[in-house]
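Results of the structural survey
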Amino acid sequence: MQTNPILSSVESVAFMAALVAYLIAAAFYFIYGAAKKDRFGRAAWLVLLMGFVIHTVCIVARGVNAGRLPMTNQYEFASAFAWGIALCFLIFVKKFHFDVLGMFVSPVIFLVIGYASMQSKEIHALMPALQSSWLGFHVSMAIIGYGAFGVAFGVAMVYLLRDRLHGPLAQRIPAEETLDLIIYRAVALGFLFLTMCMITGAIWAKRAWGSYWSWDPKETWSLITWIIYAIFLHLRLRRGMTGKRAAVFAAVGFLCVIFTYVGVNTLISGLHSYK
């Protein structure tokens, strides 16, 4: 597929700049958590925000160059996955003023975009199954949903490790009730978008393959992930589940998210293998 070399260069430079920015932000967040120096927290926030903006430029350049939404292969989705986590992180930190969360979420962002950096960046024409207007709806829902789950995972790790943290870092962690509330809201947001992702995926599958559900490995693991978070919300709303049990559920759910994306694509072949 013929591409624009200028846009390819813009994408490449922006991607590497975003990768480095996320790494620097993670380093600043760790310094901020370990020392009583608020300037490192502000610097980490600004660097991560800058990385997010540059990352957005990268994704836009990729989309314009490819002439489609850049969400159809391992590299593109991993890049968009990292972007989604960064977006949700910035929103939740701004709302709850929970800067130290960056210690736990920024490394996840860096690892996901680092995974993207190891994938092929070649632009190929879409296969027939992907040539659908449902592509944007389906994959966009997954990106936002996965991003929210990534934030819930980060907060869950803070909750589970808070008793082992001491010094300046421990003083920067919100009360257990606040952590629990953030986990709940992040999971609820992610669950909403994951549900819409599965609904739009079923409609798309009907048009592409003639069946709403085919028990493809990615469909199956998406359902498993959905059930785990559904149980979380059921226990939360009906049984009042909070605390460590809720944090463990959020952590396990995100591990299923990672396996649904990385594990299924790497280890199991299926209709979604092209992703």
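What counts and how
- Residues numbered from 1 in each chain as written.
- Predicted model: local features only at pLDDT ≥ 70, side-chain atom pairs only at ≥ 80, totals over all residues.
- Heavy atoms only, no water.
- Helix = DSSP H or I, 4+ residues; strand = E, 2+ residues; numbered from the N terminus.
- Rg over C-alpha atoms; globule rule 2.2 N^0.38 Å.
- Contact = heavy atoms within 4.5 Å.
- Areas by Shrake-Rupley, 256 points an atom, 1.4 Å probe, with all protein chains shown as cover.
- Lys, Arg positive; Asp, Glu negative; His and termini not counted.
- Charge placed at Lys NZ, Arg CZ, Asp CG, Glu CD.
- Buried < 20%, exposed > 50% of the residue type's maximum accessible area, 1.4 Å probe, protein only.
- Axes fitted to C-alpha atoms, helices over the stretch in contact; angles between N-to-C directions.
- Parallel < 35°, antiparallel > 145°, perpendicular 65-115°, else oblique.
- Left-handed = near helix turned anticlockwise from the far one by under 90°.
- Nonpolar A, V, L, I, M, F, W, Y, C, P; charged D, E, K, R; others polar.
- Polar contact = N/O pair within 3.5 Å; in protein donor to acceptor, adjacent residues only side chain to side chain.
- Salt bridge = Lys/Arg side-chain N within 4 Å of Asp/Glu carboxyl O.
- Phe/Tyr/Trp six-rings, centres within 6.5 Å; stacked < 30°, edge-to-face > 60°.
- Lys NZ or Arg CZ within 6 Å of the ring centre and 35° of its normal.
- Expected span 1.5 Å × (residues − 1).

1. Observations regarding the overall build of the protein
- The helix and strand inventory of the protein stands at 9 helices and 0 strands.
- Along the protein, helices (α) and strands (β) appear in the sequence α-α-α-α-α-α-α-α-α when read from the amino end.
- Relative to its length of 275 residues, the protein is compact, with a C-alpha radius of gyration of 19 Å against a globular reference of 19 Å.
- Dimensions along the principal axes, computed over C-alpha positions, put the protein at roughly 55 × 50 × 30 Å.
- Partitioning the contacts of the protein with sequence separation of at least 6, the portion at a separation of at least 24 is 81%.
- Carbon and sulfur atoms make up 67% of the accessible area of the protein, which amounts to about 12,600 Å² in all.
- For the protein, the distance from the average position of its 22 positive side-chain charges to the average position of its 11 negative side-chain charges is 4 Å.

2. Let's talk about the environment of Lys94
- Considering the arrangement of structural elements, one finds Lys94 in helix 3 (residues 74-96).
- The exposed category is assigned to Lys94, whose relative accessible area is 57%.

3. Looking at the packing of helix 1 (residues 5-34) against helix 3
- In contact at an axis separation of 13 Å, helix 1 and helix 3 are set at 40° when each is read in the N-to-C sense. The angle between helix 1 and helix 3 falls in the class oblique. Crossing angle aside, the handedness with which helix 1 passes helix 3 is left-handed. Of the residues in helix 3, those touching helix 1 at Glu11, Phe15, Tyr22 and Tyr29 are Tyr75, Ser79, Ala86 and Phe89.
- Looking at side-chain class alone, the contact of helix 1 with helix 3 contains 6 nonpolar, 1 polar and 1 charged residues.

4. Side note on the side chain of Arg162
- Its place among the elements puts Arg162 in the loop between helix 5 (134-161) and helix 6 (168-171).
- Polar contacts involving the side chain of Arg162 include one to the main-chain carbonyl oxygen of Pro174, which spans 3.0 Å.
- Those residues in contact with Arg162 that sit more than four places away from it in its chain are Ile173, Pro174, Ala175, Glu176 and Leu179.

5. Things to note about the pattern of salt bridges
- The full count for this structure, using the stated rule, is 5 salt bridges.
- Of the charged contacts, one joins Glu11 and Arg62 as a salt bridge, the two residues approaching to 3.2 Å between their closest N and O atoms. With Glu11 in helix 1 and Arg62 in helix 2 (residues 38-66), this pair connects stretches of sequence that are 51 residues apart.
- Judged by relative accessible area, which is 2%, Arg62 ranks as buried.
- Beyond isolated ion pairs, a larger network of salt bridges with shared partners links Glu11, Arg62, Arg68 and Glu76.

6. Here's the deal with the packing of aromatic side chains
- By the definition in use, this model includes 12 aromatic pairs.
- Taken together through their ring pairs, the aromatic side chains of Phe77, Phe81 and Tyr146 make up a single cluster.
- One cation-aromatic arrangement involves Arg236 over Tyr184; the distance from NZ or CZ to the ring centre is 4.5 Å.

7. Some remarks on helix 8 (residues 217-239)
- Look at helix 8: 32 Å from first C-alpha to last across 23 residues, which is about the 33 Å you get at 1.5 Å a residue.
- Residues of helix 8 that are buried include every one of Pro217, Lys218, Glu219, Ser222, Thr225, Ile228, Tyr229, Ala230, Phe232, Leu233, Leu235 and Arg236, and no others.
- A positive backbone phi angle near 70° is found at Gly240, which sits one or two residues after helix 8.

8. Things to note about the environment of Ile59
- Checked against the element boundaries, Ile59 lands in helix 2.
- On the basis of relative accessibility, which here comes to 18%, the residue Ile59 falls in the buried class.
- Separated by 45 residues in the primary sequence, Ile59 and Ala14 place their C-alpha atoms 8.8 Å from one another.
- Contacts of Ile59, omitting those with residues within four sequence positions, involve Pro70, Ser79, Ala80 and Trp83.

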